[in-house]
Each structure stands twice: as C-alpha cells, then as structure tokens.
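Below, each chain spelled out in residue letters.
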Amino acid sequence: MYCIGCGAKIQTEAKNALGFLPAGALKKKIAERDQMEAVQAGDEGSEASIKTEDLYCQRCFRLRHYNEIAPTSLTDADFLRLLKEIGQHDALIVNVVDIFDFNGSLIPNLHKLTGGNDLLMVANKRDVLPKSLKVGKLTAWLREQAASRSLKPKDILVTSAQNKDDVAELMEAIEYYRRGRDVYVVGVTNVGKSTLINAIIKSASGSEDVITTSRFPGTTLDKIEIPLDEDSALIDTPGIIHRGQIAHYLEPEDLKYVSPRKEIKPKTYQLDPEQTLFFGGLARFDFISGERQGMTAYFDNEINVHRTKLEGATEFYEKHKGELLAPALVGAKLVRREFKITDKSDIVFSGLGWVRVPQKAVVAAWVPEGVDVVVRKALI
Ligand code: GDP
C-alpha cells in the first residue's frame, strides 16, 4: 500500500519516517474500504457511485487538512540522491542548522552535493543561547565554522522559529537571494526545519491562499512544495538523520534534555585537575591536567551536573547511573576520548551541550557509544 499523496510505502512502525500511519488508523481505513467494496459489489448495475477511500500517510493527511508539515527523515542513500538532484537544478539552497547543536546539524559534504548553487544558512534556535551573545559575534563564528567545512553561504541568518519577526526576515532574505529561482530547504532532523516551514506557510497564507502540496507520487523523496510565484516554489525536503546526535539514543521522555525550550543558563565550575563532571548519566567530563580554571557548562537547565573526583569516577557512575546520575541510557556504555586543549575551546557533546575550557588543559569526554564529540573554537 502506498500513500497517494507522496508515494511513500505505508508503514506503521516508525513515526518519523516516510509513509507512517498509526496502526489503528490503517485498520480503520482497511475496514472502511472493505465495507465500501461490499456495498459496491452489492450495487451491481448502477454506476459504481462510491469510490474506494484514498489512503494518505499521516504526514500528507496533516498537510491536506491542516496545511501543517510534520518532520520526516530519510535514509542516507535517499538523502544523497535528493541532494544530487538538487545540485542539478539552478536553485537557492536554504540550509537550516541548530545553533545549540551546530556540529551535529551540518550535512556532510553539502558543498560538494549542491552543485555550486547559492547557499543561505539559517541558524535556528537562537532563543536557547544566552541573550548576552551578540548576533554579530555569533554570525562571524558561524561563518568561520561553515568555512572550515568548505561552506560559503551568501548570507547567514539567525532565527528563532517562534519569533514572527525572524520568520518575516527569513522570507525577505529568501526572496532577495532566490532571484526568481526555486528554493530547496534542507537540514538534518531536529533543527526546527518543519517549525520554520509551518511558520512560513502560516504567514504566507495570511496574505494569499497558499496551498501546499506533497506532490511527487511514485518517488520516495517526499518533497513538499509551497508556491512562491507563477513558476517557482519553495521545496521542503525530509530531514537527514545524523546518527552522531544524542537524540537518536534517548527514550522519548528524555528528549526534552536535548531540545532546550528556554535560554540556557551557563554554569561555571572552578575545577582542579583530577576532577570530573557528570551531566546526568549521559556524559562525563574529566579535567586531567592543567591549571585550576573556571570551566563553563552549557547544557539544558534541567540536566543535573554532578562534580566528583576523577579517581573512582567510573565506579561512581556504575553505582549511581539512572538514579543520582539521571537520565541515563539503558545498557549503554560511556566511551572515553582524550583531548589536549591549547586555546580556549568548547568540548561539544553532540546535541547535549558543551563545556568551555578557557586555558591549556588535558581533558577527556565520555559519551554513549555512537555519539559524536567535537572540539571547536569557543563560541562564547
Ligand atoms: P525538524 O526535524 O528539523 O523538522 O525539526 P522540528 O521542527 O520538528 O523541531 C525539532 C524540535 O525543536 C521541536 O521540539 C521544536 O519545538 C524545537 N524547535 C524548533 N525551532 C525552535 C526554536 O527556534 N527554538 C527552540 N527553543 N526550539 C525550537
């Protein structure tokens, strides 16, 4: 069975993947269809007046009825195919990234795949970062980080998807940079791409009646088109899954720890060498050697930070994970990586937060197996 909106194969298992329909809804649809077929069969002679009910996945259903886009994700192979396809069009690429999880939200090799098209970078979730951080400084940092990945955006816009002014500014920038061309919006999952697109649809439908369509039947590339003018459109593409993000390892009830809703309050700890910080039961930071210094943790306000001695920290973790050190991943082991810091840097626990190390130090970062750890130039 396939969704008649987007062509994806109907499935009832993975909520955020293509073609999802809750099992109950699918059962109901099948029952409705059987009933209708029975009526049609008993109605011989007259023109078959009742048509078989159309089958839509949940995403297309919501889009049709509420003009609202739900996030979906693609396999890597599908996503690469999609990016290649974009590279063959003369279009503006809008890449949405999450400022709180910048490294985790970059698309590997985006620059190679988009075929020299103009790029507009949208750094979303600015509301999560301390207000004291100036947009100019943030933009300069983002530009430097993008350049280190060979990305040279025409412009970088800092947004909060909930902020109407930001959405209006984004639309203006898109209109300015697209120069009449189609616009492809790309991003990894969880960066807030759907929230932004829904805000765009909402603000656009205020002035004219925007009809969004999920209209690529027969392909598995579930793209959503929002018409911009007579012959061009804004095309929303599914999010790519970045497996190094901690979100993919968490239980649904713990996802709140990696999607901060409010401005994060940095916490500074004066640390001596051979001290350890635990971030709930999800990550661990060891200060191994160096001078006593103030290390600042940027994590969701609800993550419990626990300081202890490096010596015995492993036993401490084993004893207290899931209780004093919560949340923790069931059955997961923390894996250690050591870093020698020479200049003020952030040790980033992908998607969870980061620790700012201001001076020379040797440190270790522990994360669940599979989760990325990155060292970068300090953001703040
Ligand atoms: P997508 O997977 O990129 O489409 O991301 P979603 O739009 O589904 O958003 C992922 C999560 O981030 C959701 O919990 C959103 O509520 C949240 N989110 C989206 N935009 C923002 C933002 O600007 N600020 C904050 N704090 N959260 C956001």
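Refer to the structure printed above.
Criteria and thresholds
Residues numbered from 1 in each chain as written. Predicted model: local features only at pLDDT ≥ 70, side-chain atom pairs only at ≥ 80, totals over all residues. Heavy atoms only, no water. Helix = DSSP H or I, 4+ residues; strand = E, 2+ residues; numbered from the N terminus. Expected span 1.5 Å × (residues − 1). Buried < 20%, exposed > 50% of the residue type's maximum accessible area, 1.4 Å probe, protein only. Arc of directions from axis to C-beta. Contact = heavy atoms within 4.5 Å. Near = heavy atom within 4 Å. Polar contact = N/O pair within 3.5 Å; in protein donor to acceptor, adjacent residues only side chain to side chain. Areas by Shrake-Rupley, 256 points an atom, 1.4 Å probe, with all protein chains shown as cover. Nonpolar A, V, L, I, M, F, W, Y, C, P; charged D, E, K, R; others polar. Pairing = 2+ DSSP bridges. Axes fitted to C-alpha atoms, helices over the stretch in contact; angles between N-to-C directions.

**Some remarks on helix 5 (residues 135-148)**
In step 1: Look at helix 5: 20 Å from first C-alpha to last across 14 residues, which is about the 20 Å you get at 1.5 Å a residue.
In step 2: Where helix 5 is concerned, the buried positions are Leu138, Thr139, Trp141, Leu142, Gln145 and Ala146. Angular distribution of buried residues about the axis of helix 5 spans 165°; they occupy a single face of the element. Along helix 5, exposed side chains directed more than 90 degrees from the buried face belong to Gly136 and Ser148.
In step 3: Packed against the buried residues of helix 5 are strand 3 (118-124), strand 4 (155-158) and strand 18 (373-377).
In step 4: Looking one or two residues past helix 5, serine 150 carries a phi angle of roughly 60°, positive in sign.

**A few points about the site of the ligand**
In step 1: The local shell around the ligand holds 18 residues, among which Ala161, Asn190, Ser194, Thr195 and Arg261 are the closest.
In step 2: Note that a nitrogen atom of the ligand is positioned 3.2 Å from one of the backbone N or O atoms of proline 260.
In step 3: Considered on its own, the ligand offers 590 Å² of accessible surface; in the complex 86% of this is hidden by protein.
In step 4: At 3 residues, the largest contribution of residues to the shell around the ligand is made by helix 7 (residues 193-207).
In step 5: Residues belonging to the shell around the ligand are distributed by class as follows: 6 nonpolar, 8 polar and 4 charged.

**Quick word on the sheet that holds strand 6 (residues 224-229)**
In step 1: Spatially, 6 strands are ordered 4-3-2-5-7-6 in an open sheet, and the strand pairing comes out mixed. With partners counted over all chains shown, the strands left at the sheet margins are strand 4 and strand 6, one partner each. Ignoring which end each strand starts from, the neighbouring axes of this sheet average 20° apart.
In step 2: Summarising the sheet, strand 6 and strand 7 (residues 232-236) pair through 5 bridges and their orientation is antiparallel. Of the residues in strand 7, the one forming a bridge with aspartate 229 is serine 232.
In step 3: Relative to strand 4, helix 5 is tilted by about 130°, and along the sheet it contacts strand 3 and strand 4.

**Some thoughts on the environment of threonine 237**
In step 1: Mapping threonine 237 onto the fold places it in the loop between strand 7 and strand 8 (239-240).
In step 2: The spacing of threonine 237 and serine 194 is 43 residues in sequence and 9.6 Å in space, taken between C-alpha atoms.
In step 3: A polar atom in the side chain of threonine 237 sits 2.8 Å from the backbone oxygen of valine 185.

**Examining the sheet that holds strand 10 (residues 275-279)**
In step 1: Across the sheet, 5 strands lie side by side as 13-10-11-17-14; this open sheet has antiparallel pairing. Since the sheet does not close on itself, it has two edges, and those belong to strand 13 (305-309) and strand 14 (334-341), each with one partner. Within the sheet, the average angular offset between the axes of one strand and its neighbour, ignoring direction, is 20°.
In step 2: The pairing of strand 10 with strand 13 spans 5 bridges and is antiparallel. Bridge pairing in strand 13 links phenylalanine 279 to valine 305.
In step 3: Lying on the sheet, helix 8 (residues 313-320) is in contact with strand 10, strand 11 (283-290), strand 13, strand 14 and strand 17 (361-368); it crosses strand 10 at an angle near 25°.

**Digging into the pairing of strand 17**
In step 1: Counting buried residues along strand 17, 8 of its 8 residues qualify, which places the element largely inside the surrounding structure.
In step 2: Taken together, the 6 bridges between strand 11 and strand 17 define a ladder with antiparallel strand orientation. By the bridge assignment for strand 17, phenylalanine 285 is matched with alanine 365.
In step 3: Both strand 14 and strand 17 contribute to a ladder of 8 bridges, which runs antiparallel. Note on strand 17: the bridge partner recorded for arginine 336 is tryptophan 366.

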